[in-house]
Amino acid sequence: MGRNYRAQLTGVFGYPVDENPTVVMQQAAFKELGIDWRYLTILVKPSDLADAFRGLRAMNFAGINLTVPHKIEALKYVDEQALEVRLIGATNTVVNQNGRLIAYNTDGKGFVEGLRMNGVDLKGKRLAILGAGGASRAICVECALASAAELTLINRSVEKGEKLASLINEKTDCRASFIGWEGAIDVPPCDILINATSIGLYPDENCPDINYDSITPEMIVQDVIPNPADTLFLRRARERGAKTLDGLGMLVCQGAIGFKLWTGLDAPLDAMKRAIEAEQ
Ligand code: NDP
């Protein structure tokens, strides 16, 4: 049987270019569905971003992911922004629709989808979130859009935490408040506790400085850290009897949403997860 050599390209602009787990995950998805696409990592310097976007159109890429440092700057070069992008102010996924570039943000959507797949409906839930950086912002906006009732933000930098709480209060129906993070604080009353900081990402073996005795068995505890999947934060939460969900599941869910946006096909979640787990 002949081969179709008209491979479609997707890719990621940003850093790092080596060992990006998303490549492994997306290539596994293309292979599983037998579609002749490629997912490439492309190192783009901030000063070359405009040219990279011109190249993206010229070379008919189906779309790209964007990593730090391009997630905000990239908005200058797209034609349209999805609702969540307008609220979050950053994009991690662009779709090329016949030359028209549409920006999405799948980080928070992957988080919400991961919960949904584990039988958790966010409607009316109270969330406590450690961190107020990019991942937290995406998660807070999507949880608010998914009808969460209350968000308590806990962050070291007061300015960032207050700014995110104001955004949620001003732009959504969800209520948000901010607590400054000094020392091992108690987890506020909540249904879902989330570590949305970068604490615990390999090779860092730390966990967020909270009073772990304030975690209760009724809580669902989620980490955004994908590597290692089973972080010290999650292990300590399990010791308190809480149900835990890892950042690897969230990463696969956000990748699956990107896959569907680019290809129009449902992503083979199991194959994607197996491929990424084999790399850990
Ligand atoms: P940012 O740099 O934007 O934010 C980092 C956050 O962590 C800030 O709130 C920062 O607080 C806080 N923080 C870092 N170190 C400490 C510390 N020692 N004590 C207290 N707070 C600390 O990063 P991102 O939000 O973009 O990414 C965060 C993590 O989320 C990364 O590890 C990334 O891998 C992961 N991620 C996972 C995804 C997934 O699909 N699983 C998707 C996207 C991200 P401050 O504001 O005070 O500096």
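Report on the accompanying structure. (Residues numbered from 1 in each chain as written. Predicted model: local features only at pLDDT ≥ 70, side-chain atom pairs only at ≥ 80, totals over all residues. Heavy atoms only, no water.)

1. Digging into the pairing of strand E13 (residues 220-223)
Consideration 1: Along E13, one buried face is formed by Ile220 and Gln222 and the opposite face, lined by Val221 and Asp223, is buried too.
Consideration 2: Looking at chain direction, strand E11 (residues 192-195) and E13 are connected through 4 bridges and run parallel. Residue pairing across strands places isoleucine 194 opposite glutamine 222, the latter belonging to E13.
Consideration 3: Here 3 bridges tie E13 to strand E14 (residues 243-245), and the two strands are oriented parallel to one another. Bridging from a neighbouring strand, isoleucine 220 pairs with lysine 243 of E14.
Consideration 4: Handedness of the E13-helix H7 (residues 232-239)-E14 crossover: right-handed. (Buried < 20%, exposed > 50% of the residue type's maximum accessible area, 1.4 Å probe, protein only. Helix = DSSP H or I, 4+ residues; strand = E, 2+ residues; numbered from the N terminus. Pairing = 2+ DSSP bridges. Right-handed = clockwise from strand over helix to strand, strands pointing away.)

2. Quick notes on the environment of glycine 255
Consideration 1: Along the polypeptide, glycine 255 turns up in helix H8 (residues 247-263).
Consideration 2: Take glycine 255: its relative accessible area is 4%, and that puts it in the buried class.
Consideration 3: Note: C-alpha distance between glycine 255 and proline 189 (66 residues apart in sequence) is 31 Å.
Consideration 4: Setting aside its immediate chain neighbours within four residues, glycine 255 contacts Met25, Gln26 and Met272. (Contact = heavy atoms within 4.5 Å.)

3. Quick word on the sheet that holds strand E7 (residues 126-130)
Consideration 1: Overall, parallel pairing links the 6 strands, which are arranged E9-E8-E7-E11-E13-E14 in an open sheet. Only two strands of the sheet have a single neighbouring strand rather than two, namely strand E9 (175-180) and E14. Across the sheet, the axes of successive neighbouring strands diverge by a mean angle of 20°, strand direction being ignored.
Consideration 2: Its contacts with the sheet place helix H6 (residues 158-171) against strand E8 (150-155) and E9, and it is angled at close to 170° to E9.
Consideration 3: Across the sheet, H7 touches E7, E11, E13 and E14, and the angle it forms with E13 is around 170°. (Axes fitted to C-alpha atoms, helices over the stretch in contact; angles between N-to-C directions.)

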